[in-house]
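# Examining the three-dimensional arrangement
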Amino acid sequence: MGSNFVSVLKYLMFAFNFLFWVTGCSIIAIGIYFVVNNIYGDLLTNNPSLTVGNSFIAIGIIIMVFGFLGCMGAIKENKCLLLTFFILLLLILLVEVTMAIFLFVYEKQLDKYVRERLTNSFEQNLKHNSSETWHMIQRNLQCCGINGSEDWMKKELHSSCCPSKTNSNCSLSDSFPVGCSEALKKWFENNFLYFGVGTICISVIEVLGMSFALTLYCHISRSSGKISTLL
């Protein structure tokens, strides 16, 4: 009975982590696509390496490593790999909890920091290099500038600042009244429930992975102990 349970748990954990590994591969592919096509690649000018694409690639690699450790630890019944997998998942879970507390406590400071970074990006890219990234943001969020169309100052407003149905040149009277900083904040607030549900789902998956790994580790340890006793 115990042997059958261990076998079922082993292959269940293997399947669970194989999906984990495939998910990591998919995220890496999305990240590479973002990097190759330079999608949102110049949003943070002060941190050129910290792009959406690079972030996806880094997250994908971490998930792939976790999936590999879980798969190999389960199929080989390797206690060292299982324990490593458990410890890494525990550390990630602790980091997530710490980040959640940090975001809650320093929400106002973070909002100010994000606004400063966006303003710097807007000034360097949109005004000087005509960044397609910011044009995409203005079109998708229906906003103009950081705090409003006045951020463009004496420069001619780009068509992304106005609704697509506007046939004439984009003017102050036709432009979106909301700044992109406020639009981004509102977008996060409107999608906060989805972020919360997603975070909870990820945490549940991590706890399940930790439970599978620890249970399998304990059963392998007991089996090894019984074999040692018999010998």
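The rules behind these values
Residues numbered from 1 in each chain as written. Predicted model: local features only at pLDDT ≥ 70, side-chain atom pairs only at ≥ 80, totals over all residues. Heavy atoms only, no water. UniProt positions renumbered as here; feature names shortened; annotations may be inferred. Helix = DSSP H or I, 4+ residues; strand = E, 2+ residues; numbered from the N terminus. Buried < 20%, exposed > 50% of the residue type's maximum accessible area, 1.4 Å probe, protein only. Areas by Shrake-Rupley, 256 points an atom, 1.4 Å probe, with all protein chains shown as cover. Axes fitted to C-alpha atoms, helices over the stretch in contact; angles between N-to-C directions. Parallel < 35°, antiparallel > 145°, perpendicular 65-115°, else oblique. Left-handed = near helix turned anticlockwise from the far one by under 90°. Contact = heavy atoms within 4.5 Å. Nonpolar A, V, L, I, M, F, W, Y, C, P; charged D, E, K, R; others polar. Disulfide = S-S within 2.5 Å. Phe/Tyr/Trp six-rings, centres within 6.5 Å; stacked < 30°, edge-to-face > 60°. Core = buried A, V, L, I, M, F, W, Y, C linked by side-chain atoms within 4.5 Å.

Named according to an unreviewed UniProt entry, the protein chain is Tetraspanin originating from Xenopus laevis. Its UniProt record gives the protein chain a comment under Subcellular location (unreviewed entry), which states: "Membrane". In its Sequence similarities (unreviewed entry) section, the UniProt record describing the protein chain reads: "Belongs to the tetraspanin (TM4SF) family."

Secondary structure summary: the protein chain contains seven helices and zero strands in total. Mapped from its N terminus to its C terminus, the protein chain presents α and β elements in the order α-α-α-α-α-α-α. Per-residue burial for the protein chain yields a buried fraction of 30% across its 231 residues. Split by element, the accessible area of the protein chain, about 14,700 Å² in all, is 67% carbon and sulfur.

Another aspect to go through is the packing of helix 5 (residues 132-141) against helix 6 (residues 180-190). Two numbers describe how helix 5 lies on helix 6: the axes approach to 10 Å, and their chain directions differ by 60 degrees. Judged on the interaxial angle alone, helix 6 and helix 5 are oblique. In terms of crossing hand, the pair formed by helix 5 and helix 6 is left-handed. Taken together, the residues of helix 6 that come into contact with helix 5 (itself represented by Trp134, Ile137, Gln138 and Leu141) are Cys180, Ala183, Leu184 and Trp187. Classifying every residue of the contact of helix 5 with helix 6 gives seven nonpolar, one polar and no charged.

Under the counting rule described, the total for this entry stands at two disulfides. Put simply, Cys143 and Cys180 are joined by a disulfide, and their sulfur atoms are 2.1 Å apart. Looking down the S-S bond of the Cys143 and Cys180 bridge, the torsion is 85 degrees, so its handedness is right-handed. Of the two residues, Cys143 sits in the loop between helix 5 and helix 6 while Cys180 sits in helix 6, which places them 37 residues apart along the sequence. Each member of the pair, Cys143 together with Cys180, is buried. Cys144 shares a disulfide with Cys161; S-S distance 2.0 Å. Across the disulfide from Cys144 to Cys161, rotation about the S-S bond amounts to roughly 90 degrees, and the bridge is consequently right-handed. With Cys144 in the loop between helix 5 and helix 6 and Cys161 in the loop between helix 5 and helix 6, this pair connects stretches of sequence that are 17 residues apart.

What follows concerns the packing of aromatic side chains. A full pass over the atoms with the stated rule returns ten aromatic pairs. Summarising the aromatic geometry, the rings of Phe66 and Phe85 are spaced 6.5 Å apart at their centres and angled 70 degrees between planes, so their arrangement reads as edge-to-face. Note that Phe66 is positioned in helix 2 (residues 52-75) and Phe85 in helix 3 (residues 79-105), a separation of 19 residues in sequence. Residue Phe66 shares its accessibility class with Phe85, and that shared class is buried. Taken together, the ring pairs in this structure connect Phe14, Phe18 and Trp21 into an aromatic cluster.

Moving on: the nonpolar core. Ranked by size, the top nonpolar core spans 20 residues in total, and within it Met13, Leu82, Phe85, Ala213 and Leu216 carry the most contacts. Looking at this core, the elements that each hand over two or more residues are helix 1 (2-36), helix 2, helix 3 and helix 7 (192-230). Contacts of Ala213, omitting those with residues within four sequence positions, involve Met13, Leu82, Phe85 and Phe86. Listed in part, the 15 residues of the second largest apolar core include Cys143, Leu157, Cys170 and Phe176.

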